[in-house]
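Chain residues, written in single-letter form:
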Amino acid sequence: QHCSSGVMRAKLTLVDLAGSERLKQTGVIGIKKKESININKDLFALAKVISALACRDKKERLSKSPVHVPYRDSKLTRLLRDSLGGNCCTVMVACVTSWNKY
């Protein structure tokens, strides 16, 4: 972001969402199970935010009213709000495996 003084500002957010595998197949219990459930909820909320942002411009042009983006649905989306919406450049890196164990 360019400021009036000519200084560029940046923000770096690193989020580790490891452990969001299918619970039945991994057999996790206790705290790890709760963590996996929360990660899956956060990923679902993130998907809803990204979907709402992708559809926002088109819907606002057609209906002339603002579209709700559900940033408050999870801690993850609240944390990433500045990086997802507005005037920003965002890079998302995902490490995905096709290993059938998960």
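Residues numbered from 1 in each chain as written. Predicted model: local features only at pLDDT ≥ 70, side-chain atom pairs only at ≥ 80, totals over all residues. Heavy atoms only, no water.

Peer 1: I tried to follow the confidence of the model for the protein chain on my own but got confused; where do I start?
Peer 2: The predicted coordinates ought not to be read in detail in places where the model reports low pLDDT. Confidence in the prediction of the protein chain, expressed as mean pLDDT, is 79, and 83% of residues score 70 or more. Mean pLDDT across the elements of the protein chain bottoms out in helix α1 (residues 23-26) (75) and peaks in helix α3 (residues 75-79) (91). (pLDDT = per-residue confidence, 0-100. Helix = DSSP H or I, 4+ residues; strand = E, 2+ residues; numbered from the N terminus.)

Peer 1: What should I look at first to understand the nonpolar core in this one?
Peer 2: For soluble globular proteins, nonpolar side chains are generally found buried alongside one another. One finds Leu-46, Val-49, Ala-52, Leu-53, Val-69, Tyr-71, Leu-76, Leu-80 and Leu-84 forming the largest nonpolar core, which totals 9 residues. A per-element tally of this core places helix α2 (residues 31-63) first, with 4 residues. The contacts of Val-69, once residues within four sequence positions are left out, are Val-49, Ala-52, Leu-53 and Arg-56. (Core = buried A, V, L, I, M, F, W, Y, C linked by side-chain atoms within 4.5 Å. Buried < 20%, exposed > 50% of the residue type's maximum accessible area, 1.4 Å probe, protein only. Contact = heavy atoms within 4.5 Å.)

Peer 1: In this structure, what is going on with a positive patch on the surface? I would like to understand it.
Peer 2: On the surface, Arg-72, Lys-75, Arg-78 and Arg-81 cluster together into a positively charged patch. Within the secondary structure, Lys-75 sits in helix α3. (Patch = residues over 30% accessible without salt bridge, like charges linked within 9 Å, V, L, I, M, F, W, Y side chains within 5 Å. Areas by Shrake-Rupley, 256 points an atom, 1.4 Å probe, with all protein chains shown as cover. Salt bridge = Lys/Arg side-chain N within 4 Å of Asp/Glu carboxyl O. Lys, Arg positive; Asp, Glu negative; His and termini not counted. Charge placed at Lys NZ, Arg CZ, Asp CG, Glu CD.)

Peer 1: Mind showing me how you'd approach the pattern of salt bridges here?
Peer 2: Oppositely charged side chains may form a pair once their charged atoms are brought near each other. For the coordinates displayed, the defined rule picks out 2 salt bridges. With a shortest N-O distance of 3.2 Å, Lys-11 and Asp-82 are connected by a salt bridge. Taken together, the residues span a long stretch of sequence, with Lys-11 in the segment before α1 and Asp-82 in helix α4 (residues 81-84) at a distance of 71 residues. Its relative accessible area of 53% is what places Lys-11 among the exposed residues. The salt bridge partner of Asp-73 is Lys-48, with a shortest N-O separation of 3.0 Å.

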